[in-house]
Amino acid sequence: MHSEFLVLEKSPALCGISDLNGAKNAVLVIMASLILTSGKSKLCNVPFSHDVFQMIALLESLGAGVVIHEESQSLTIDTTTIIKHAVNAEIMKKMRASILVMGPLLARFGKAAIALPGGCLIGDRPVDMHLNAFARMGAEISLDGSCVYAQAVHLKAQKFILAYPSVGATENIMMAATLIQGKTTIVNAALEPEVFDLAAILKKMGAHIDLLPAGVIEIVGVPELKPVTHTIIMDRLEAGTLLLATAVTGGEIALPQGPGHSLEVFLEKLCEMGHSVDTGIDGIGIYFKATKSPKAVSFKTMPYPGFPTDLQAPMMVAQCLADGTSTVTETVFENRMLHVRELQKMGAHIELEGMIAKIKGVDRLYGAHLIAPDIRASAALVIAGIAAHGSSTLSGIHHLLRGYQNLCGTLQKLGARIIYKSEAI
Ligand code: UD1
């Protein structure tokens, strides 16, 4: 047995130009969407994080052929050979995004069986909206222990009015609807850039999808979809993470591929803190210089285009070290404050009441033994560790590896002092 951890040392101001990887949250659903086709598709700009390898294992377990081209960051996925409709419970438990194969399996084969999904421990994270939608489409849903079975001879087009713009439910409904005769409408749909990237690939496959104003998506089903080649969008969350690592070390960074157009509220908050932020033509390219005296700002997470919940934890680190007080309110997930305890160990002044954190900025954080509780909190703790005085250790780094391809390597190139250790226990 080995224990893997990071040693994080106080680092100089991060400085440099950095490339980005493709968006994890886009590639996972896009890989699932290929189940809707029969044939060989190619995905480019694929981030090889552990969740992507899990999704590869999932598709292979269904019978798909997957060829990994790590050097060109691409994948070839052949869905002709898919013969199974049941997802292995081990895979399902490791990654909540596995639920995203349910819509495509149901639409193409009329049946799907999945264990209830796992993933980060950020709350109950129910999948009721997904299952209710499939039931309204006419699927028979049954539960047996922790397994859900869905079966339908003919799925029916419907109008769905989502009580909340769930990203995953919007994606699952949209994928299933592409092969259902008639018009499916999703009102109060999620509008995250990753949902748009999914719509883009589905349209290339031949789907009829209209993204209308005010969060309405209309899908008119077609008899079949064809395989495609598609390039995944850049990861806005990786971009935000690199900007915050630069901010807390007082540095300067250029992200020429940075999707500034997808991070507007977040970038506005960085400006409010006093940092200098410029974006390139059409919002592509982010150029950032940290202020030496950052001001604390309050923010509240919201569905897109609001402040992204996935940047809440890393942004909190910046507030811990800013001048003044701030309030951070998490509205998307009911248990996404697990990093607070770890930041408190480092000397952060945070009072937590439910999902509202009141923060009083301090001059310094101090190194501590940290445990990563989920993907985005792990990135936040890396940021805190390279800003803190002294040395920190971070365990639970499987979370970090699930969400990012080589985040530590990217930070090291910019000057961060991070050492990976693996010790026998
Ligand atoms: C996706 C992202 C995740 C991001 C989140 C919100 C992926 C792989 N993950 O997660 O990184 O933080 O969007 O931007 O793309 N809910 C229900 N019932 C449901 C579905 C959701 O109550 O059936 C609730 C959830 O518990 C949560 C909220 O809705 O409180 C938002 O969840 P959702 O938008 O569905 O997030 P995910 O698709 O799981």
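Residues numbered from 1 in each chain as written. Predicted model: local features only at pLDDT ≥ 70, side-chain atom pairs only at ≥ 80, totals over all residues. Heavy atoms only, no water.

Asker: Report on the layout of surface pockets, specifying residues and quantitative values.
Answerer: The volume enclosed by the second largest pocket comes to roughly 390 Å³. If you trace the second largest pocket, you find 22 residues lining it, with V248, K292, P294, L321 and D363 closest to the centre. Examining the composition of the lining of the second largest pocket, we find that 3 residues originate from one element, helix α8 (residues 236-249), more than from any other. When its residues are assigned to classes, the lining of the second largest pocket shows 10 nonpolar, 7 polar and 5 charged. (1 Å grid on protein atoms, 1.4 Å probe; cavity = no way out; pocket = protein on both sides within 12 Å on 5 of 7 lines; lining within 4 Å. Points joined across faces, edges and corners; volume = space filled by probe spheres on them. Helix = DSSP H or I, 4+ residues; strand = E, 2+ residues; numbered from the N terminus. Nonpolar A, V, L, I, M, F, W, Y, C, P; charged D, E, K, R; others polar.)

Asker: Quick one: what's the story with the state of the cysteines, residue by residue and with numbers?
Answerer: A complete count under the given rule lists 0 disulfides for this structure. C271 supplies the cysteine sulfur nearest to C15, a cysteine that is in no disulfide, at a spacing of 19 Å. Just so you know, C320 is unpaired, no disulfide at all, and the nearest cysteine sulfur is the one on C408, 20 Å from it. (Disulfide = S-S within 2.5 Å.)

Asker: Help me get a handle on the nonpolar core, residues and values and all.
Answerer: Grouped burial of nonpolar side chains is what soluble globular proteins tend to show. Among the nonpolar cores identified, the biggest contains 76 residues, and M31, L43, M102, M174 and L202 are the most heavily contacted of them. Take this core: its biggest share by element is 7 residues, from helix α1 (residues 24-33). Contact partners of M174, with chain neighbours within four places excluded, come to I186, V195, L198, A199, L202, I209, I217 and I219. L311, V340, M346 and L414 belong to the second-largest nonpolar core, a separate cluster that totals 71 residues. (Core = buried A, V, L, I, M, F, W, Y, C linked by side-chain atoms within 4.5 Å. Buried < 20%, exposed > 50% of the residue type's maximum accessible area, 1.4 Å probe, protein only. Contact = heavy atoms within 4.5 Å.)

Asker: Any details on helix α10 (residues 312-320)? Residues and values, ideally.
Answerer: Extensive coverage of α10 is indicated by the burial of 9 of its 9 residues. By the burial criterion, the buried members of α10 are Q312, A313, P314, M315, M316, V317, A318, Q319 and C320.

Asker: Break down empty space enclosed by the protein for me, with residues and values.
Answerer: Considering all chains together, one arrives at 1 cavity of 30 Å³ or more under this definition. Approximately 50 Å³ is the volume found for the largest cavity. Split by residue class, the lining of the largest cavity holds 2 nonpolar, 5 polar and 3 charged. Both domain 1 (2-20 + 235-424) and domain 2 (24-226) contribute no fewer than three residues apiece to the lining of the largest cavity. (Domains from an automatic or database assignment.)

Asker: Give me the domain arrangement of the protein chain: which residues, what numbers.
Answerer: Annotation of the protein chain at the domain level lists domain 1 (2-20 + 235-424) and domain 2 (24-226). For domain 1 and domain 2, the distance between their C-alpha centroids amounts to 30 Å. Across the contact, 22 residues belong to domain 1 and 24 residues belong to domain 2. Carbon and sulfur atoms supply 51% of the area that domain 1 and domain 2 bury against each other, a total of about 1,900 Å² over both sides. It is Y304, R402 and Q405 that lose the most area in domain 1 upon contact with domain 2, and together they represent 34% of the buried surface on that side. (Buried area = accessible area lost by both parts, 1.4 Å probe.)

Asker: Hey, could you go over the site of the ligand for me, with residue numbers and the actual values?
Answerer: What surrounds the ligand is a group of 19 residues, the closest being D128, M129, S166, D310 and V332. In the environment of the ligand, an oxygen atom lies 2.7 Å from a nitrogen or oxygen atom belonging to the backbone of V167. Contact between the ligand and D310: an oxygen atom at 2.7 Å from a side-chain N or O atom of the residue. In isolation the ligand exposes 740 Å². Once the protein is present, 87% of that is buried. (Near = heavy atom within 4 Å. Polar contact = N/O pair within 3.5 Å; in protein donor to acceptor, adjacent residues only side chain to side chain. Areas by Shrake-Rupley, 256 points an atom, 1.4 Å probe, with all protein chains shown as cover.)

Asker: A description of the pairing of strand β6 (residues 111-115) should follow, citing residues and the corresponding values.
Answerer: Counting buried positions over the 5 residues of β6 gives 4, a clear majority of the element. Pairing of β6 with strand β8 (residues 147-151) involves 5 bridges; the strand directions are antiparallel. The residue of β8 that forms the bridge with A113 is Y149. (Pairing = 2+ DSSP bridges.)

Asker: Give a detailed account of the pairing of strand β14 (residues 252-259), specifying residues and quantitative values.
Answerer: As defined by bridge partners, strand β2 (residues 15-17) adjoins β14 across 3 bridges and the pair is classed as parallel. Bridging from a neighbouring strand, C15 pairs with E252 of β14. Across 5 bridges, β14 lies against strand β16 (residues 284-289) in antiparallel orientation. Of the residues in β16, the one forming a bridge with I253 is F288.

Asker: Go over the packing of α8 against helix α9 (residues 264-272) with me, naming the residues and quoting the values.
Answerer: For the pair α8 and α9, interaxial distance at closest approach is 11 Å and the crossing angle is 10 degrees. Regarding the angle of α8 to α9, the classification is roughly parallel. Within the contact between the two elements, α8 uses G240, L243 and L244 and α9 uses F266, L267 and L270. (Axes fitted to C-alpha atoms, helices over the stretch in contact; angles between N-to-C directions. Parallel < 35°, antiparallel > 145°, perpendicular 65-115°, else oblique.)

Asker: I'd like a description of the pattern of salt bridges, backed by residues and values.
Answerer: A side chain of one charge can pair with a side chain of the opposite charge when the charged atoms of the two come close. This structure, assessed with the given rule, holds 9 salt bridges. The partner of E272 in a salt bridge is K269, and the shortest N-O contact between them spans 3.6 Å. On the criterion of helical spacing, the pair formed by E272 and K269 is a turn pair, its members being 3 residues apart in helix α9. Under the relative-accessibility criterion, E272 is labelled partly exposed at 40%. (Salt bridge = Lys/Arg side-chain N within 4 Å of Asp/Glu carboxyl O.)

Asker: Any details on the packing of aromatic side chains? Residues and values, ideally.
Answerer: By convention here, two paired aromatic rings are described through the distance between centres and the angle between planes. Scanning all chains against the criterion turns up 3 aromatic pairs. Put simply, the rings of F266, F299 and F307 touch in pairs and so form one group of aromatic residues. (Phe/Tyr/Trp six-rings, centres within 6.5 Å; stacked < 30°, edge-to-face > 60°.)

Asker: Can you explain the side chain of E194? Please cite residues and give values.
Answerer: Inspection of the secondary structure puts E194 in helix α7 (residues 193-205). For E194, a relative accessible area of 3% gives the class buried. With residues near it in sequence (within four places) discarded, E194 still touches N25, A26, E171, I233 and R236.

Asker: Describe the side chain of H275, with residues and values.
Answerer: By the element assignment, H275 lies in the loop between α9 and β15 (276-279). Within the structure, H275 has its side chain in polar contact with the backbone nitrogen of T291 (distance 3.0 Å). If we skip the residues at most four places from it in the chain, H275 touches A247, L270, F288, K289, A290, T291 and P294.

Asker: Tell me about unusual backbone geometry, and please be specific about residues and values.
Answerer: Here the amide bond leading from Y304 into P305 is cis, since omega sits at 10 degrees, within 30 degrees of zero. Although it is not a glycine, N188 sits at a positive phi angle of roughly 65 degrees. Looking at where N188 falls in the secondary structure, it is placed in the loop between β10 (183-187) and α7. Not every positive phi belongs to a glycine, and A214 is a case in point at roughly 60 degrees. Looking at the element boundaries, A214 is found in the loop between β11 (208-212) and β12 (216-220).

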